[in-house]
Amino acid sequence: MFVCMCVCVLFGVCVCAFMWQALMQVHDSVAVQEKEEENVTQYVGETVKLVRLEKTRDTPLGATVRNDMDSVVVSRVVKGGAAERSGLLSEGDEILEINSVPVRGKHVNEVHDLLQQMHGTLTFLLIPSSQIKPAPHRQTVMHVRAYFDYDPSDDPFVPCRELGLSFQKGDILHVISQDDPSWWQAYRDGDEDNQPLAGLVPGKSFQQQRETLKKTITDRSREPQGKLWSAKKGKKQRKKSVSTFSKTTDLDDTLTYEEMSLYHQPANRKRPIALIGPTNSGHDELRRRLLSIEPEKFAVAVPHTTRNPRIHERNGREYNFVSRPGFESDMSAGKFIESGEYEKNLYGTSTDSVRHIINSGRICLLCLHTRSLRVLRSSNLKPYVIFIAPPSQERLRTLLASEGKTPKPEELKEVIEKAREMEQNFGHFFDATIVNTDPSQVFHELRRLIEKLDTEPQWVPTSWLC
Ligand code: 5GP
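Basis of the calculations
Residues numbered from 1 in each chain as written. Predicted model: local features only at pLDDT ≥ 70, side-chain atom pairs only at ≥ 80, totals over all residues. Heavy atoms only, no water. Axes fitted to C-alpha atoms, helices over the stretch in contact; angles between N-to-C directions. Helix = DSSP H or I, 4+ residues; strand = E, 2+ residues; numbered from the N terminus. Parallel < 35°, antiparallel > 145°, perpendicular 65-115°, else oblique. Left-handed = near helix turned anticlockwise from the far one by under 90°. Contact = heavy atoms within 4.5 Å. Salt bridge = Lys/Arg side-chain N within 4 Å of Asp/Glu carboxyl O. Buried < 20%, exposed > 50% of the residue type's maximum accessible area, 1.4 Å probe, protein only. Near = heavy atom within 4 Å. Polar contact = N/O pair within 3.5 Å; in protein donor to acceptor, adjacent residues only side chain to side chain. Areas by Shrake-Rupley, 256 points an atom, 1.4 Å probe, with all protein chains shown as cover. Nonpolar A, V, L, I, M, F, W, Y, C, P; charged D, E, K, R; others polar. Arc of directions from axis to C-beta.

Participant: Would you mind showing me how to read the packing of helix H7 (residues 283-293) against helix H13 (residues 439-455) here?
Facilitator: A pair of packed helices is captured by two measures, namely the crossing angle of their axes and the spacing between those axes. Relative to each other, H7 and H13 sit at 65 degrees, their axes nearing to 11 Å. Here H7 is positioned roughly perpendicular relative to H13, judged by the angle of their axes. Between H7 and H13 lies a crossing of right-handed hand. Where H7 approaches H13, its residues Leu286, Arg289, Leu290 and Ile293 are matched on the opposing element by Pro439, Ser440, Val442, Phe443, Leu446, Arg447 and Ile450.

Participant: So what exactly am I meant to see when it comes to the pattern of salt bridges here?
Facilitator: Opposite charge on two side chains permits them to pair, given that their charged atoms come into close proximity. Evaluation of the coordinates by the stated rule reveals 23 salt bridges. The closest approach of N and O atoms between Arg307 and Glu313, which form a salt bridge, is 2.8 Å. Side by side, Arg307 and Glu313 carry an identical accessibility label, which is buried. The partner of Arg324 in a salt bridge is Glu341, and the shortest N-O contact between them spans 3.3 Å. Residue Arg324 is located in helix H8 (residues 324-332), and its partner Glu341 is located in strand S18 (residues 336-342); the two are separated by 17 residues in the primary sequence.

Participant: Looking at this structure, I do not really get the site of the ligand. What am I missing?
Facilitator: Surrounding the ligand, one finds Pro303, Arg307, Arg310, Tyr319, Glu338, Ser339, Gly340, Tyr342, Tyr347, Gly348 and Thr349. Contacts to the ligand include Arg310, whose side-chain N or O atom sits 3.1 Å from an oxygen atom. One of the side-chain N or O atoms of Glu338 is found 2.8 Å from a nitrogen atom in the ligand. Considering the ligand on its own, with 520 Å² of exposed area, one finds that the protein chains cover 62% of that surface. The set of elements that each furnish at least two residues to the shell around the ligand consists of S18 and strand S19 (345-350). No other element matches S18, which puts four residues into the shell around the ligand. Residue composition of the shell around the ligand, grouped by class: four nonpolar, four polar and three charged.

Participant: Even after reading the chapter, I still don't get H7, so can you show me in this structure?
Facilitator: The periodicity of an α-helix, 3.6 residues per turn, causes residues three or four places apart in sequence to face the same way. Every buried residue belonging to H7 is among His283, Leu286 and Leu290, and all of these are buried. Considered in projection along H7, the buried side chains sweep an arc of 55 degrees and stay on one side of the axis. Exposed and facing more than 90 degrees away from the buried side of H7 are Arg288 and Ser292. In this fold, the buried residues of H7 make contact with strand S14 (273-276), strand S15 (298-299), strand S20 (363-368), strand S21 (384-389) and H13.

Participant: Before we go on, may I ask you to explain the environment of Glu328 in this structure?
Facilitator: Position of Glu328 relative to the elements: it lies in helix H8. When its relative accessible area of 37% is taken as the criterion, Glu328 is described as partly exposed.

Participant: I would appreciate a short explanation of the environment of Gly87 in the present structure.
Facilitator: Along the chain, Gly87 falls in the loop between helix H3 (82-86) and strand S6 (94-98). When its relative accessible area of 54% is taken as the criterion, Gly87 is described as exposed. Each C-alpha atom of the pair Gly87 and Val77 lies 9.6 Å from the other, and the pair is 10 residues apart in sequence.

Structure, rendered in structure tokens:
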């Protein structure tokens with residue numbers, strides 16, 4: 001409820017300031033006497049200015065207005081828009097008249113409607129912002145990776161739909177202004193040259209509030225209906241409140257954006273490559289091929305196991321042989337990226353084994369389940385995550401047949417469904433995706449991506465570099 005009210009107060013009165021183009025010129029500040037001649041005596045005592053601009057339908061002006069009591073005030077001038085380029089409109093300017101029509105006392109929606117009917121040269125009578133403007137300074141740009149999809153056309157709170165910037169989970173955004181903490185101004189990575197006008201995106205705290213509210217509503221709707229609880233049910237209810245508590249903790253770190261920086265791997269410390277994909281998507285085979293073609297360049301981490309060594313096996317070569325209590329205590333200390341049990345023995349890959357390969361100058365190849373991604377990302381190993389997606393069901397059947405496998409149609413469907421789920425839940429952690437349509441093409445693409453890490457910097461969470 002609290003969040004909801006805040007949102008209304010914050011955004012209910014803001015509206016887009018229309019499709020205008022090129023502010024043309026401004027008259028110098030006009031003295032009160034002069035204004036009296038123009039029959040605007042109600043502004044006596046104010047320093048006003050006249051601004052002329054040409055309005056076209058195609059290009060947004062790049063500004064929004066809000067109501068401040070009776071006044072209509074410029075609330076935001078968006079970077080790269082005509083308003084900003086002209087330098088004539090500033091945040092905080094009060095608009096008194098547009099083409100001699102007084103706007104004081106009008107709701108922003110009325111101002112919007114009024115402007116929609118006006119074309120050609122528009123004359124604005126303004127009271128310039130009384131705020132002392134800070135000396136112009138270069139805004140520091142923050143780069144973030146978005147962890148949610150955003151579509152302004154579907155957002156009732158965006159101050160101006162036309163100025164909203166749509167993006168998808170995983171996109172890198174260059175945030176150029178956080179002056180309004182609720183609505184940042186940003187470009188999508190790669191768009192900044194073609195799209196001079198920055199767009200509005202929800203600020204981090206605003207989006208977190210929104211996600212929290214959404215989750216609370218979803219959780220509530222899942223709660224059982226009805227009021228009669230027996231003593232037994234009371235117990236269940238207590239148990240439930242424990243799990244609700246842990247959910248609330250999750251919500252506190254709702255992922256919205258993560259700050260990113262460019263990172264160029266050093267020649268002697270190569271990033272591990274994590275290949276992710278459902279069983280039968282081909283990632284295991286790709287790892288095998290890389291290892292066999294360039295064994296001096298690639299390596300796999302030596303796993304740990306609690307089983308006894310076989311006759312030909314040497315500790316540290318096939319496996320690191322450890323005791324069960326030793327394995328378990330390492331596991332609870334978070335030293336394993338992944339682990340599993342097979343025939344009553346524990347197996348797992350430790351971060352230290354991966355680090356050992358990195359220190360040797362080789363590229364560590366990991367085939368992982370998506371559930372290992374969180375641990376891997378917080379391990380400081382700076383993994384580069386590649387998702388190997390299956391092709392269409394028919395193509396997958398053909399590929400598996402060429403390996404002598406004869407999967408049932410429902411098994412093929414399961415691979416594709418599993419991949420879809422992985423992408424939906426973890427897609428924002430993937431640095432790249434390759435669809436496995438043709439084995440040699442996929443292999444070629446995989447090597448190209450791996451080589452790119454040597455030649456081009458990549459976006460990584462800033463926290464990895466601290
Ligand atoms: P073996 O004991 O015959 O060498 O391996 C038995 C099974 O243990 C393998 O087929 C594999 O499924 C599992 N295994 C081997 N290494 C690892 C590992 O590092 N992690 C996990 N989770 N399982 C492993």
